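Residues per chain are reported as follows:
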Amino acid sequence: MDTENDFLESFDLERFWYVLKRSKFWMIGFVIFTTALAYVYVRYTKPVYNSESIIKLEFESEANVLGIADVVNNQERNEISGEIELIKSKLFLSRVVEAAKIDVSYHVYGRYLTDERYRNSPFIVSYKIHNPNYYDIPFDIQFGAEDSFSLSYQVNGRTVEKDYSFAEEIKTENFNLLVERTSYFNPEDDSKYFFIISSKDALINSLQTNLQVLPENFNAKTIKISFSDFNKYKARDLVDLIDSLYLDYTKEVKNLAIEQKIEFLNEQIESTEAKLSQYENYFEQFTIQNRTTNLNDDLNRTIEQLAALDSQRYQLRKNVGDLKVIRKQVSEKGAIAVNPLLLEQLPKMLGESITEYSELQQQRELKLSSYNESSYVIEQLDIQLEKSKNLLEELLDSYDQSLSDRVSQVVRRRNLLESNLTQMPSMGTEYGKNRRLYDIQEEFMLTLQTSKMELEITRAGTVTKNVILSPASLPQSSVKPQKALIMGAAFMIGVIISVVFLLIRYLAHNKVAGVRELEKLVNVPVLGAIPHYKNESLNHTSLVVKRDSKSSLSEALRTIRTNMDFIHSKEGSKSISVTSTISGEGKTFVAANLGAIMAMTGQKVCVVDIDMRKPKVHLAFGAASGSDGVSTILSGKSTVKGSVQKTEIERLDFVSAGPTPPNPSELLLQPEFIELLSTLKKSYDVVILDTPPVGLVTDGRLVMKHCDIQLYIVRADYSKRSFVKVLNDLKATGQFSSMTTILNSIDSTPGYGYGYGYGYGYYTEDESSKAKKVASSIKNLF
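Everything in this summary refers to the structure shown in the same document. Every value quoted in this text rests on a predicted model; they were computed, and no experiment measured them.

1. Description of the overall build of the protein chain
Here is step 1 of the chain: Secondary structure assignment for the protein chain yields 25 helices and 21 strands.
Here is step 2 of the chain: The 782 residues of the protein chain split such that 45% are buried.
Here is step 3 of the chain: Long-range pairs, those at least 24 residues apart, make up 78% of the contacts in the protein chain with a sequence separation of at least 6.
Here is step 4 of the chain: Of the roughly 41700 Å² of accessible surface on the protein chain, 51% is carried by carbon and sulfur atoms.

2. A closer look at the pattern of salt bridges
Here is step 1 of the chain: Scanning the entire structure with this criterion turns up 14 salt bridges.
Here is step 2 of the chain: The residue Lys200 makes a salt bridge to Glu98 at a minimum N-O spacing of 2.9 Å. Of this pair, Lys200 sits in helix 6 (residues 200-210) while Glu98 is found in helix 5 (residues 90-100), placing the two residues 102 residues apart along the sequence.
Here is step 3 of the chain: Residue classification places Lys200 among the partly exposed residues on the basis of a relative accessible area of 39%.
Here is step 4 of the chain: Residue Lys725 is joined to Asp729 by a salt bridge in which the shortest nitrogen-to-oxygen separation is 3.2 Å. Here Asp729 and Lys725 lie together in helix 24 (residues 724-732), a separation of four residues that amounts to about one turn.
Here is step 5 of the chain: Look at Asp729 and you get partly exposed, because its relative accessible area is 38%.
Here is step 6 of the chain: One connected set of salt bridges, linked through shared partners, spans Lys587, Asp611 and Asp690.

3. So, helix 16 (residues 552-567)
Here is step 1 of the chain: Between the first and last C-alpha of helix 16 there are 23 Å, a value that for 16 residues agrees with the 22 Å anticipated at 1.5 Å per step.
Here is step 2 of the chain: Most of helix 16 sits inside the fold, with 13 of its 16 residues counted as buried.

4. Quick look at the nonpolar core
Here is step 1 of the chain: Counting residues in hydrophobic clusters, the biggest one holds 36 residues, and the most contacted among them are Met564, Ile576, Ile688 and Leu711.
Here is step 2 of the chain: By residue number, the principal contributor to this core is helix 17 (residues 587-600), which donates nine residues.
Here is step 3 of the chain: If you look at the next biggest cluster of nonpolar residues, it comprises 30 residues, including Phe92, Leu93, Ala235 and Tyr246.

5. Quick word on unusual backbone geometry
Here is step 1 of the chain: The amide bond that connects Lys480 to the next residue, Pro481, takes the cis arrangement and shows omega of -15°.
Here is step 2 of the chain: If you trace the backbone, Pro481 turns up in the loop between strand 13 (467-470) and helix 14 (483-508).
Here is step 3 of the chain: Here Asp136, not a glycine, exhibits a phi torsion of approximately 65°, which is positive.
Here is step 4 of the chain: Mapped onto the secondary structure, Asp136 falls in the loop between strand 4 (123-129) and strand 5 (138-143).
Here is step 5 of the chain: The partly exposed category is assigned to Asp136, whose relative accessible area is 37%.
Here is step 6 of the chain: Even without being glycine, Lys221 reaches a positive phi, approximately 55°.
Here is step 7 of the chain: Structurally, the position occupied by Lys221 is in the loop between strand 11 (211-217) and strand 12 (222-229).
Here is step 8 of the chain: A relative accessible area of 11% places Lys221 in the buried class.

6. So, the pairing of strand 10 (residues 192-197)
Here is step 1 of the chain: When you tally the buried positions in strand 10, you get five out of six residues, the bulk of the element.
Here is step 2 of the chain: Summarising the sheet, strand 2 (residues 104-109) and strand 10 pair through five bridges and their orientation is antiparallel. Bridging across to strand 10, Tyr106 finds its partner in Phe195.

7. A few points about the sheet that holds strand 2
Here is step 1 of the chain: Taken together, six strands build an open sheet; the order of strands is 3-2-10-5-6-7 and the sheet is antiparallel. Because the sheet does not close on itself, it has two edges, and the strands there are strand 3 (114-116) and strand 7 (158-165). For this sheet, the mean inter-axis angle between neighbouring strands, taken without regard to orientation, is 25°.
Here is step 2 of the chain: Sheet analysis places strand 6 (residues 148-155) next to strand 7, joined by eight bridges and oriented antiparallel. Its bridge partner being in strand 7, Tyr153 is matched across the sheet by Val160.

8. Concerning the environment of Ile496
Here is step 1 of the chain: The residue Ile496 is located in helix 14 in this model.
Here is step 2 of the chain: On the accessibility criterion, Ile496 (49% relative accessible area) is partly exposed.
Here is step 3 of the chain: Sequence spacing of Ile496 and Met27 is 469 residues, and the spatial spacing of their C-alpha atoms is 9.5 Å.

9. Here's the deal with the environment of Val687
Here is step 1 of the chain: You can see Val687 is positioned in strand 19 (residues 686-690).
Here is step 2 of the chain: With relative accessibility at 0%, the residue Val687 sits in the buried group.
Here is step 3 of the chain: Between the C-alpha atoms of Val687 and Val607, which are 80 residues apart in sequence, the distance is 6.0 Å.
Here is step 4 of the chain: Those residues within four positions of Val687 in sequence are excluded, and the remaining contacts are Lys574, Ser575, Ile576, Cys606, Val608, Leu677, Leu680 and Lys681.

10. Some points on a negative patch on the surface
Here is step 1 of the chain: Together, Glu263, Glu267, Glu270 and Glu273 make up a region of like negative charge exposed at the surface.
Here is step 2 of the chain: Relative to the helices and strands, Glu273 is located in helix 8 (residues 256-290).
Here is step 3 of the chain: According to the relative accessible area criterion, Glu273 is partly exposed, its value standing at 42%.

11. Things to note about the packing of aromatic side chains
For any two aromatic rings, the description comes down to two numbers: the centre-to-centre distance and the angle of the planes.
Here is step 1 of the chain: Scanning the entire structure with this criterion turns up 25 aromatic pairs.
Here is step 2 of the chain: With a centroid separation of 6.1 Å and 75° between ring planes, the pair formed by Phe16 and Trp17 is classed as edge-to-face.
Here is step 3 of the chain: Where Phe166 meets Phe185, the ring centres are 5.4 Å apart and the plane angle is 75°; that geometry is what we call edge-to-face. Of the two residues, Phe166 is situated in the loop between strand 7 and strand 8 (169-171) and Phe185 in the loop between strand 9 (175-181) and strand 10; the sequence distance between them amounts to 19 residues. Each member of the pair, Phe166 together with Phe185, is buried.
Here is step 4 of the chain: Its guanidinium or amino end placed over the ring of Phe230, Lys46 lies 4.3 Å from that ring's centre, counting from NZ or CZ.
Here is step 5 of the chain: The lysine or arginine in question, Lys604, covers the ring of Tyr684, its NZ or CZ lying 5.1 Å from the ring centre.

Each value, and the rule that gives it
Residues numbered from 1 in each chain as written. Predicted model: local features only at pLDDT ≥ 70, side-chain atom pairs only at ≥ 80, totals over all residues. Heavy atoms only, no water. Helix = DSSP H or I, 4+ residues; strand = E, 2+ residues; numbered from the N terminus. Buried < 20%, exposed > 50% of the residue type's maximum accessible area, 1.4 Å probe, protein only. Contact = heavy atoms within 4.5 Å. Areas by Shrake-Rupley, 256 points an atom, 1.4 Å probe, with all protein chains shown as cover. Salt bridge = Lys/Arg side-chain N within 4 Å of Asp/Glu carboxyl O. Expected span 1.5 Å × (residues − 1). Core = buried A, V, L, I, M, F, W, Y, C linked by side-chain atoms within 4.5 Å. Pairing = 2+ DSSP bridges. Axes fitted to C-alpha atoms, helices over the stretch in contact; angles between N-to-C directions. Patch = residues over 30% accessible without salt bridge, like charges linked within 9 Å, V, L, I, M, F, W, Y side chains within 5 Å. Lys, Arg positive; Asp, Glu negative; His and termini not counted. Charge placed at Lys NZ, Arg CZ, Asp CG, Glu CD. Phe/Tyr/Trp six-rings, centres within 6.5 Å; stacked < 30°, edge-to-face > 60°. Lys NZ or Arg CZ within 6 Å of the ring centre and 35° of its normal.

Geometry only, nothing functional implied.
Spelled out as structure tokens, the structure:
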């Protein structure tokens, strides 16, 4: 509170309004300048549009079945984060770039900016780039007469320009181009266009820069996809394409295991078809050559037995081969594609182990689309896979040994039967063997086709659970630049700068500005304030009251004259010293014009120029300095009567300073100065002494001691506040009992502190009433 009270007490409202008035044009200029800068920025900045869509995600988790809420929430958050990173990845965005077909962008030059002609370009470009350096550079096009155009581009700092025709292939060693017109082509269009062939990396980087994917609501499992671009239609189309490709991609991931099974079945079907074709060719040739296929009963029985053994051996060997395929797939750490029929033939434990291992592998492949190899989820799956793999390898080894033993038994039995057929026609044996193998392959072929059909039906019925809740929107207004915000901020910045500027000027203002401020600073009476003379420009001190005796300046001097009568009310002649702190504060101006005002009332007045170092009184009266003056009187070279000069105003005389002596201070210390002052007081009612500035030399103080009234001049907006200390110090010495001060050259503009307490409302009160007010104030001060 004390600090606030100190500040309020030290705050000078009069000085503040004075500085505000002087700074108002600067303050308005700051506001106009910042607002104009903001307008230029808004006017010449390309608007950016933003299109958005919202997608709801669905995830399947075993934790849902177990009812573990915390695990479900954490897993869903991880899944959402993984999907967001997937959409922003270069792998996914490369698909977007390929599908969007935005590798060639078309633009038109404006007066200050360029505009992309998305989907409405007057021409299209087909290209083949041989030199990668020609990607991502502008090719300028200017339409010419009829079907011609001019193509120009920069190469190694030089411009290449040449005329071509539409639909004419442009062939160079670096590229091939074909420029064709579209339905938007206008022959009268004289605008200049350019197109850019963007590289895939540049397009992906541009998409990553302008694409933003953020979680909209974790609880609802929704994400927001937004894209920013200078063209609102392009932004909308790209968001719509990203949504569609993302849904297709999730469907592809879901069908990955099915696709692998179908691929395996296709390979088996192709191999089986080739074998069946060979057998069919054999049977056709056998029938043509032997014209029969009938064998005797013994041969049939033997063949039946051999067929059974061959079938068993084939099945066993096939199972062995299948085991090798399974071993190979296990060693490659990939998903195991096994014929469902084979699983049914395998031991239950082995089949379950294969199914479990395959499901874990598929689950790991699916998770890799959302998680890194080093993530916790993948590491846990790898541990489970390792355990399942070890168990599966043990079961495979056991079952392989069992199959090998059975194959050996079948081989031994078959060899025994074949030894009994040595007498049978080898031709019939070969035919029967091929017939058996054909039947087996035919049955196997039917099984493969059935399995493939079932998988394709499953694939066709796969749908993604992700849903587009809000499709890509067409932005109606730009998101950048925000015109109202920028203009408002610029206005506020201008206001802040203006206020700061005002405060700095207020704090830096160390000059006396008004009467009230002067009253607070001095310990002597303030006789009044003299307004600034604005009627004409004065190059030097001049007498102005005669030319404009009814002006506010003349009225101010009359009021000061009246106030002095109350300070020195004794009868007889009186002497008045006029001084200041430094040169330029208007002491000579006040002395000359105050003397003129007094002379106009009938008093005899003499103005004496005591400032022998820098005399100016003679300039005020339009006379030459002369050879006689104060310096010659004090040095005994001339008389007082011979040195007095008349002025154009009756009863007003003056004594100039005379030639500048080398020792003005010593002259003033001589008795001749007191004699000079005494002589003048005998001849004149008022003697006004224009003394040197007391802040520079001591001459003024020597003179002031011998005067009845000491006037100290302070000039508004010129005299520093520190100058007042000289005045207060003089008063503190006790040598100057009639010390007073006048504020000179004050701004008399309405609203400022010219309405001093003694009143300058002339023409409304006579001088006597004003004098009474002044007298009461001065008596209180003394």
